[in-house]
Amino acid sequence: LDASSDFLPGPGFQAFAAEHLCRFANSEASFSARELCAVDICLSGSGHEERQAWWEQVRRCRRRPQARPIPTLPVAALLIPPDIRHKARMDSAVAKVKATLRRRGMTARQLFGQRAGRGALHISAADLATLLQQLGLVDPVEAGRLALAASRMDDKDGGGGGSSAG
């Protein structure tokens, strides 16, 4: 970070943390889990509400409009308490599905009906993950995670049918 001639680099983690703290201060939104951890350690003296208010204020100064809601960004782990973040992510995902269906001129009932068969409104959680990927709502990795989680849920339920939707 410092290029002066008499600069001596500190420990590796210190430089790593400083670099990513500067990115946070610049209202960057994409961080890996390791980078988030380093920034979180540096900001341990501040609460989520303080961080979010400050970060949003800096973000508004950017020249390009920032349309993505914070809960969908990796930086949300630093700005929103975990319980609120989970609910906000779910709300965001539901809104994204609704908007996609609206653009395609479909209702959730039609979508599930097509996938499950005539008149049925039940599909397995694994099929739902595949469907979300086909709609472009989740990437293949996230679809795989959802399918894996669904198979675990099915195993807990005794290997029964699918999840209810509708």
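The structure presented is a predicted model; accordingly, all values stated were derived computationally and were not measured. (Residues numbered from 1 in each chain as written. Predicted model: local features only at pLDDT ≥ 70, side-chain atom pairs only at ≥ 80, totals over all residues. Heavy atoms only, no water.)

**Q** Please give an account of the nonpolar core that cites residues and values.
**A** Counting residues in hydrophobic clusters, the biggest one holds 13 residues, and the most contacted among them are Phe 24, Trp 55, Val 75, Leu 78 and Leu 79. Listed by contribution, the elements that provide at least two residues to this core are helix H2 (33-42) and helix H4 (76-79). Examining the composition of this core, we find that three residues originate from one element, H4, more than from any other. In this structure, Leu 79 is in contact with Phe 24, His 48, Arg 51, Gln 52, Trp 55 and Ile 70, ignoring residues within four places of it in sequence. In this structure, Leu 101, Phe 112, Ile 123 and Leu 137 belong to the second largest nonpolar core, which totals ten residues. (Core = buried A, V, L, I, M, F, W, Y, C linked by side-chain atoms within 4.5 Å. Buried < 20%, exposed > 50% of the residue type's maximum accessible area, 1.4 Å probe, protein only. Helix = DSSP H or I, 4+ residues; strand = E, 2+ residues; numbered from the N terminus. Contact = heavy atoms within 4.5 Å.)

**Q** Now, about the confidence of the model for the protein chain: what can you tell me, with residues and values included?
**A** Averaged over every residue, the pLDDT of the protein chain is 76; residues scoring 70 or more account for 80%. When the criterion is pLDDT under 50, residues 159-166 qualifies, and its contacts beyond four places in sequence or with other chains add up to 13 contacts. (pLDDT = per-residue confidence, 0-100.)

**Q** So what's going on with the side chain of Ser 27? Residues and values would help.
**A** As for its placement among the helices and strands, Ser 27 is situated in the loop between helix H1 (12-25) and H2. Look past the residues within four positions of Ser 27 in its chain and what remains in contact with it is Trp 55, Val 58, Arg 59 and Arg 62.

**Q** Describe the packing of aromatic side chains, and please don't skip the residues or the numbers.
**A** Ring pairs (aromatic) are described by centroid distance and by the angle formed between their planes. Counted according to the given criterion, the structure contains one aromatic pair. Both rings, one in Phe 24 and one in Trp 54, keep their centres 5.9 Å apart while their planes meet at 25°; by these two values the pair is stacked. One end of the pair, Phe 24, is in helix H1; the other, Trp 54, is in helix H3 (residues 48-59), with 30 residues separating them in the sequence. Under the relative-accessibility criterion, Trp 54 is labelled partly exposed at 39%. The ring of Phe 31 is capped by Arg 23, whose NZ or CZ atom sits 4.3 Å from the centre of that ring. In this arrangement the basic side chain of Arg 34 is found over the ring face of Phe 16, its NZ or CZ atom lying 4.1 Å from the centre. (Phe/Tyr/Trp six-rings, centres within 6.5 Å; stacked < 30°, edge-to-face > 60°. Lys NZ or Arg CZ within 6 Å of the ring centre and 35° of its normal.)

**Q** Summarise the environment of Asp 91; cite the residues concerned and give the values.
**A** With respect to the helices and strands, Asp 91 occurs in helix H5 (residues 82-103). With 19 residues separating them in the primary sequence, Asp 91 and Thr 72 have C-alpha atoms 9.9 Å apart.

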